Amino acid sequence: MPYTKFVAALVRANSSNVGKIRISSGRCRSTLASTKTQEEKEQQMGGCTVVETVPIEFCQKLKTGANSQLNKIHIDFDNTQEAYKSKGNIELLRSLLVFKLCTIDLLVEKNRELMELSKKLLGQWMFEKMMKMTFYGQFVAGEDHNTIKPLIQKNQAFGVGAVLDYSVEEDLTQEEAEKKEMESCVSEAEKESPDAVHREKKYKAHRQFGDRRGGVISARTYFYADEAKCDNQMETFINCIKASGGASADGFSAIKMTALGRPQFLLQFSEVLVKWRQFFNFLAAQQGKSEMMVLEQKLELEQLKESLIKMGVGAKDDIANWFSGEKLGLSGTIDLLDWNSLINDTTKISNLLMVPNLETGQLEPLLKKFTTEEERQMKRMLQRVDVLAKHALENGVRLMVDAEQTYFQPAISRLTLEMQRKFNTEKPIIFNTYQCYLKEAYDNVSVDIELSRREGWYFGAKLVRGAYMYQERARAEEIGYEDPINPDYEATNRMYHKCLEYVLEEIEHNRKANIMVASHNEDTVKFTLKMMNEMGLSPTENKVYFGQLLGMCDQISFPLGQAGFPVYKYVPYGPVNEVIPYLSRRAQENRGFMKGSQRERSLLWKELKRRVLGGQIFYTPVY
């Protein structure tokens, strides 16, 4: 898609992940009339003729007993024979060994040093052999697209798909990482006169948190070097997309925005989106609507225009033109989604970075100066995102945009929503990721769903608990802004289930929503199955997906897959030496996971003993 068209799409969109939105625990579903035809409604409701005022629950009661029974599927996660039927005895023993090693603190804390020492003592060939028999063999599928095929085909035979992830990472020292981050997140204008630039401290780079790997064990980190490196990383993502398309009919591929361009733009655009949200909240308070639920905050248009003119935000004619869109303001009011669409641009992306100054009432640039090269870098990031979305569409692959730190996330979510608006018109191609350890997760999910309803595209979400908790908490405390993380694990669980329930209800009411439940938590999976049964959501509809990491929680993944649910493993691959940072993170993540619960190890032992006592000493999977 040409750059000018992409920017035109960008500026018409709205954003959900900007600033704080306060929504009560009550549901905030759209009151707009449904655009579905009567025939579509009848098909969706199993033949029931319905009108808008008839509760969906009434129609569900009219379904035949046979259909209701069909939808109620029970999964026994204690049945080790079914859970591990895809694994040979050697694989079970390897899992037990690796998980046991992950509980030994000294081994985990010094894992990188021990791997380097082993390489020197054993030599490269023996080191790789040892790794393939242990950690590499457990968590990584192979070295390239060809060597991973047998594992992918075997998992598919047992109902489990793949999300391919080329897991080669740059091995930088902390000092190198901090240097790269400060160079790539600070603009030339800020370098020349830092005192003249008034930026929110949350959205500025800080050297003490320049190494974004700190405290992060379950997510990969990209550091910007130059545009050529971003092009190479885009090509890597394209290869993963093509391989995912070849591996299965409904593959997934994951990308990170920070791999595709200079992070300076993500920081700046995030700050702009947040400041525009704050300005909306300020205007809502002026009209006495600050205590209302976010989507019920409708600013009276004429009063809004008067306020903007009085504040000197723009000339009277300019302000009138802002609200002269085809549908904007026709009702005499402007809500948050309308407001977000006002951020516009005609020639330069840097013109997007205009912010309202609440003190002076003027619109002013976030930065006083943008170099030509900075302008080009912003443009290239948008172009790379667009290229990947097109490849996903062409290869029949769903593209999942990973969530990142909260100071990047408003911009990442906005760009992801733009891709959804363009590419999710016929089916869900682009999936956004929501981190449920965030206090604002539910608000973000509900507002994005409302946008998809209004515009009629397919909503796609991946729900995770989150990867950056320790780093985010430390940064907020040190720099001095509100901690964005829920207070404890129980609050995060409640948030996850609340968001999940909301999306499932949307699927029940409108089959255009889709969700991936990316969780190793068995209770969360059971909660999802219970709700699907209650709502009559069949796994064959492919509206609800499940995701776990390769080498972890097979007792969840494989029973789901064999019962017909769409379930996927994140399948990392890459040369042994180059995935050591990934393996190091897996060891650290499993330490906490295995110490917190012995369940997976006990199930592995149970199955191994069952086979040995049953004479299946040389058990080989048949598929």
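Model, not experiment: these values are computed from the prediction.

### Looking at a nonpolar patch on the surface
On the surface, a cluster of nonpolar side chains totalling about 960 Å² of accessible area is made up of Ile-104, Leu-106, Leu-107, Leu-114, Leu-117, Leu-121, Leu-122, Trp-125, Met-126 and Met-130. Examining the composition of the nonpolar patch, we find that 7 residues originate from one element, helix α8 (residues 111–133), more than from any other. Mapped onto the fold, Met-130 is located in helix α8.

### Side note on the pairing of strand β2 (residues 252–255)
Along β2, one buried face is formed by Phe-252 and Ala-254 and the opposite face, lined by Ser-253 and Ile-255, is buried too. In this structure, strand β1 (residues 160–166) lies alongside β2, joined through 2 bridges in parallel fashion. Each residue of the ladder has a partner; that of Val-163, found in β2, is Phe-252. Pairing of β2 with strand β7 (residues 398–401) involves 4 bridges; the strand directions are parallel. When the sheet's bridge partners are listed, Ile-255 is paired in β7 with Val-401.

### Re the sheet that holds β7
Read around the closed barrel, the 8 strands follow the order β1-β2-β7-β8-β9-β10-β11-β12; overall the barrel is parallel. With strand direction ignored, the average angle separating the axes of adjacent strands in the sheet is 30 degrees. Of the strand pairs in this sheet, strand β10 (residues 513–518) and strand β11 (residues 544–549) are connected by 4 bridges, and their pairing is parallel. Following the sheet pairing, Val-517 is matched in β11 by Phe-546. Of the strands in this sheet, β9 (459–464), β10 and β11 touch helix α22 (residues 489–509), which is tilted by about 150 degrees from β10. Contacts from helix α24 (residues 554–562) reach β1, β11 and β12 (567–573), with the element oriented near 125 degrees to β12.

### Brief notes about the nonpolar core
The biggest cluster of nonpolar side chains holds 102 residues, and the ones touching the most others in it are Leu-388, Leu-504, Phe-546 and Leu-560. Here this core takes 12 residues from helix α14 (residues 263–286), the largest share from any one element. Mapped onto the domain boundaries, this core takes at least three residues apiece from domain 1 (143–264 + 370–593) and domain 2 (269–365). Counting residues in each nonpolar core, the second largest holds 36 residues, with Met-131, Leu-549, Tyr-568 and Leu-583 among its members.

### Examining the packing of α22 against helix α23 (residues 522–535)
Where α22 meets α23, the axes come as close as 11 Å, and the angle between the chain directions of the two elements is 25 degrees. Here α23 runs roughly parallel to α22, going by the angle between their axes. Where α22 crosses over α23, the handedness of that crossing is right-handed. Along the contact surface, α22 presents Tyr-496, His-497, Leu-500, Glu-501, Leu-504, Glu-505 and Glu-508, while α23 presents Thr-524, Phe-527, Thr-528, Met-531 and Met-535. Per-class residue counts for the contact of α22 with α23 are 6 nonpolar, 3 polar and 3 charged.

### Focus: empty space enclosed by the protein
Taken as a whole and assessed by the stated rule, the structure comprises 5 cavities of 30 Å³ or more. Estimated volume of the largest cavity: approximately 70 Å³. Lining the largest cavity we find Glu-181, Cys-185, Lys-204, Ala-205, His-206, Phe-209, Gly-210, Leu-267, Tyr-407 and Arg-475. Here the lining of the largest cavity is built from residues that sort into 5 nonpolar, 2 polar and 3 charged.

### A few points about the confidence of the model for the protein chain
Here the protein chain averages 82 in pLDDT, while 80% of its residues score no lower than 70. Low confidence marks residues 1–28, where pLDDT is under 50. Its contacts with residues over four positions away, or in another chain, come to 98 contacts. Note on residues 30–70: pLDDT is under 50 here. Beyond four places in sequence and across chains, it has 34 contacts.

### Let's talk about α24
By the criterion of burial, α24 is predominantly enclosed, with 8 of the 9 residues buried. Among all positions in α24, only Asp-554, Gln-555, Ile-556, Ser-557, Phe-558, Pro-559, Leu-560 and Gly-561 are buried. Looking one or two residues beyond α24, the residue adopting positive phi is Gly-564, at roughly 100 degrees.

### Considering the packing of aromatic side chains
Tallied over the full model, the rule gives 15 aromatic pairs. Summarising the aromatic geometry, the rings of Phe-252 and Tyr-545 are spaced 5.3 Å apart at their centres and angled 80 degrees between planes, so their arrangement reads as edge-to-face. Of this pair, Phe-252 sits in strand β2 while Tyr-545 sits in strand β11, and the two are 293 residues apart along the sequence. Each of the two residues, Phe-252 as well as Tyr-545, counts as buried. Aromatic pair Tyr-434 and Phe-459: ring centres 6.2 Å apart, planes at 35 degrees, arrangement tilted. Residue Tyr-434 is located in strand β8 (residues 430–435), and its partner Phe-459 is located in strand β9; the two are separated by 25 residues in the primary sequence. Across this residue pair, the class does not change: Tyr-434 and Phe-459 are buried. An aromatic cluster of three or more residues is present, and its members are Phe-252, Phe-431, Tyr-545 and Tyr-568. Taking the ring centre of Tyr-442 as reference, the NZ or CZ of Lys-498 above it sits at 4.3 Å.

### As for the pairing of β8
Of all the 6 residues making up β8, 6 are buried; the element is thus mostly covered by neighbouring parts of the structure. A two-sided burial pattern is seen for β8, the buried positions comprising Ile-430, Asn-432 and Tyr-434 on one face and Phe-431, Thr-433 and Gln-435 on the other. In this structure, β7 lies alongside β8, joined through 3 bridges in parallel fashion. For Met-400, the partnering residue across the bridge sits in β8 and is Phe-431. Chirality of the crossover, the property in question, places the unit of β7, helix α19 (residues 409–423) and β8 among those that are right-handed. The sheet contact formed by β8 and β9 spans 4 bridges and is parallel. Residue pairing in the sheet places Tyr-434 in a bridge with Leu-463 of β9. Crossover handedness for the path β8 to helix α20 (residues 441–455) to β9: right-handed.

About the thresholds
Residues numbered from 1 in each chain as written. Predicted model: local features only at pLDDT ≥ 70, side-chain atom pairs only at ≥ 80, totals over all residues. Heavy atoms only, no water. Patch = residues over 30% accessible without salt bridge, like charges linked within 9 Å, V, L, I, M, F, W, Y side chains within 5 Å. Areas by Shrake-Rupley, 256 points an atom, 1.4 Å probe, with all protein chains shown as cover. Salt bridge = Lys/Arg side-chain N within 4 Å of Asp/Glu carboxyl O. Helix = DSSP H or I, 4+ residues; strand = E, 2+ residues; numbered from the N terminus. Buried < 20%, exposed > 50% of the residue type's maximum accessible area, 1.4 Å probe, protein only. Pairing = 2+ DSSP bridges. Axes fitted to C-alpha atoms, helices over the stretch in contact; angles between N-to-C directions. Contact = heavy atoms within 4.5 Å. Core = buried A, V, L, I, M, F, W, Y, C linked by side-chain atoms within 4.5 Å. Domains from an automatic or database assignment. Parallel < 35°, antiparallel > 145°, perpendicular 65-115°, else oblique. Left-handed = near helix turned anticlockwise from the far one by under 90°. Nonpolar A, V, L, I, M, F, W, Y, C, P; charged D, E, K, R; others polar. 1 Å grid on protein atoms, 1.4 Å probe; cavity = no way out; pocket = protein on both sides within 12 Å on 5 of 7 lines; lining within 4 Å. Points joined across faces, edges and corners; volume = space filled by probe spheres on them. pLDDT = per-residue confidence, 0-100. Phe/Tyr/Trp six-rings, centres within 6.5 Å; stacked < 30°, edge-to-face > 60°. Lys NZ or Arg CZ within 6 Å of the ring centre and 35° of its normal. Right-handed = clockwise from strand over helix to strand, strands pointing away.

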